[in-house]
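# An overview of the molecular structure
These are the residues of each chain, in order.
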Amino acid sequence: MTQRKRLANTQSSSQNKRQSVPLASQEEDDDSTFPQPSSSQVQRGLERFTPAQVDQKTAEVVQFFLVRDQKKIPVRRADLVKHVLKDYRNIYPEIMKRAARTFDQVFGLKIVEIDSKNHMYILVNKLETAEAPPITSPTNPKTGLLFVVLSLIFMKGGAVRENLIWNTLKKLRVDAGEKHEEFGDVKKAITDEFVRQRYLEYVRIPHTEPVEFEFRWGQRAEVEVSKVKILEFMGEVSHFLSERGLSLCTDEDGCFRVSISFLTCVCVCVCVCVCVCVLAP
Amino acid sequence: MVTHETTTHTTTGSRLKEKKKQEEKEGAHCRRVTDQSRDMARQMEDSHRRFLQTMMANGIVDEQSARTLYQYCCETHNTQHTPDKLDDFIETINSKLQPMFMQVRKGMSEDNGQQFYALVNMAETDVTRMSSDYADNELELFRKTMDLIVCSENGKASSTDILNSADTLTTKKLKKSETEHLLNRLVHDRWLNEKRGEYTLSTRCIIEMEPYIRSMYQDQVKVCHICRNIAFQCQICEKPTCGIKIHNPCVARYFKGRAEPRCPACDDFWPHEIPEVRRPRSQSKR
């Protein structure tokens, strides 16, 4: 299995405003107490502070974003207001505008709202993923695992029952029930870590008894991961397999499986025949 | 989480003092703007941004890799690349990072003398820069470890000594297993290096915490006589009235090729073994 060195980042102009129902209900925020200030309120608010103070507050917001984003945790507006803005909450739109400008001009990053109901933001790269960078970051080994899951979901049209994921991974010799030497607790990585980071959504399928869940692409995947890259990745996997006489296909119950291609069978047969002819007197 | 002290004073006296501070800041702000207009030619471009993003992802890179990265960023974005202008390139980035209290700073590894570039947070004047990753008692243990290292002669702290200081924590106590686990994390997060049961401050730690260390350990911290930076793993002149310190790699460079090494300050014979100058490793991918 080809392992991705780095998660492909690409600029996405469309913001995903899909309303998700995350499994963990503590995602509900108390943002309802924060009314969006009007532009005249912002103007008046700005007069209360010196330019230097506003600059400093902007810098704190930038720092806050960077620290959170380093851990792939989305930033909630409620947290931003509570922990950073405080007295400056009335000029929140102006501060956000300046922070966005700083991210753009200094870091080449973009603030993207991934959840317009709960007001959650992530940072997305504006620079194109470059070919063969000289320094590869300390790679997160789970990126390869994530890419496989994203690819499976993509190939199945956007949603996959969780059993299909576990079964397919098993066939790729990644047993979600056991501790994997590279990925660790695979089940936890997929159902907890990737979901928290918003790469995946883990959604209950209605009217199922016993309860069944399915996986979809999460909001971060929608804006960060290009479908083109996924197709390229799948292409690489296919190529890798085909070089070894194997191919990807789906069987009757919808599992992906690796099968020996017809061509290889032919080759094997030819080899056997040749050997027989040579050895025979 | 990184925060500055917020100004929420209510008394008139403090308010006036705050106003004065703000006016000084504005003055500095104006000076910065003037500097910036002088540097109009050096605006940030995508080559700078890519370099910065790479620094953010890696934290610290060796000089060789930084040069290669600089060239790569320029070529990727069709910007003119002048090989020996890396520091100017970084200066452009730093001028834009300054308002965020971040800097790309250069420092030397005490192990091999190699130069490194690290992206550091200048906002905190304490170890609280690590506070998003470590609990209060863990930070306290880190401070104690730093105490041991600063005050030691060889710039090292043994795991035994660190485990013993875990017993003297004023915040919540740490068990032996917890301390060991914490030390592993600190090594993994590149604040400490470990070799044969002894811990030293990592290059990144030294670069990032230098201002804090200088102010916190004013009297005890050793300073290298050759390069003037703070020193932990170093050689010391044996003459009691002299006692200057020199980093091991600085010793190697300074005394290279000299038949009879002599202390640069007091001219006494330098009795320590002179290490070899370590050649920088050719660039390698992580």
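Quick notes on the rules
Residue positions within a chain follow its written sequence, with the count starting from 1. Key to labels: chains lettered from A, ligands numbered from 1, both in the order written. For a predicted model such as this one, the threshold for reporting local features is a pLDDT of at least 70, and the threshold for listing and counting side-chain atom pairs is 80 or more; totals across whole chains, interfaces and linings nevertheless cover every residue. Processing note: side-chain calculations cover all non-hydrogen atoms of the structure and skip hydrogens and water entirely. UniProt positions are given in the numbering used here, feature names are shortened, and annotations may be inferred rather than shown by experiment. All the domain ranges listed were derived from an automatic or database domain assignment. In what follows, residue pairs with any heavy atoms lying within 4.5 Å of each other are defined as contacts. Throughout, the accessible surface (probe 1.4 Å) given up by two parts as they are put together, summed over both, is called the buried area. Polar contact is the term for a pair of N or O atoms within 3.5 Å; when the atoms are in protein, one must be able to donate a hydrogen and the other to accept it, and sequence-neighboring residues count only if both atoms are side-chain atoms. Gly is put with the polar residues, along with every residue not named as nonpolar or charged; the nonpolar set is Ala, Val, Leu, Ile, Met, Phe, Trp, Tyr, Cys and Pro, and the charged set is Asp, Glu, Lys and Arg. Just to be clear on terms, a salt bridge is a Lys or Arg side-chain nitrogen sitting within 4 Å of an Asp or Glu carboxyl oxygen.

As recorded in an unreviewed UniProt entry, chain B goes by the name Non-structural maintenance of chromosomes element 1 homolog, listed as coming from Sander lucioperca. Annotation of chain B in UniProt includes, under Catalytic activity (unreviewed entry), the sentence "S-ubiquitinyl-[E2 ubiquitin-conjugating enzyme]-L-cysteine + [acceptor protein]-L-lysine = [E2 ubiquitin-conjugating enzyme]-L-cysteine + N(6)-ubiquitinyl-[acceptor protein]-L-lysine." Heading Subunit (unreviewed entry) of the UniProt record for chain B holds this comment: "Component of the Smc5-Smc6 complex."

As recorded in an unreviewed UniProt entry, chain A goes by the name Necdin-like 2, listed as coming from Sander lucioperca.

Let us now look at the domain arrangement of chain B. All names here are of chain B. Partitioning chain B into structural domains gives domain 1 (46–123), domain 2 (128–220) and domain 3 (222–275). Of note, the centres of domain 1 and domain 3, computed from C-alpha atoms alone, are 30 Å apart. Across the boundary between the two partners, domain 1 contributes six residues, which contact nine residues of domain 3. Contact with domain 3 buries area across many residues of domain 1, yet Met-108, Glu-110 and Gly-113 alone supply 88% of it, more than any other trio. Linking domain 1 to domain 3 there are four residue pairs in polar contact (both at pLDDT 80 or more). Each residue belonging to the side of domain 1 that touches domain 3 can be placed in one class, and the counts come to one nonpolar, three polar and two charged.

Now for the domain arrangement of chain A. Residues and elements named next belong to chain A. When its domains are assigned, chain A resolves into domain 1 (19–125) and domain 2 (142–276). The partner domain 2 presents 11 residues to the 15 residues of domain 1 that form the contact. Summing the contributions of domain 1 and of domain 2, the shared interface buries around 1100 Å²; its carbon and sulfur component is 57%. Where domain 1 packs against domain 2, one counts one salt bridge. When the shortest N-O distance is used, the salt bridge between Arg-220 and Asp-69 registers 3.7 Å.

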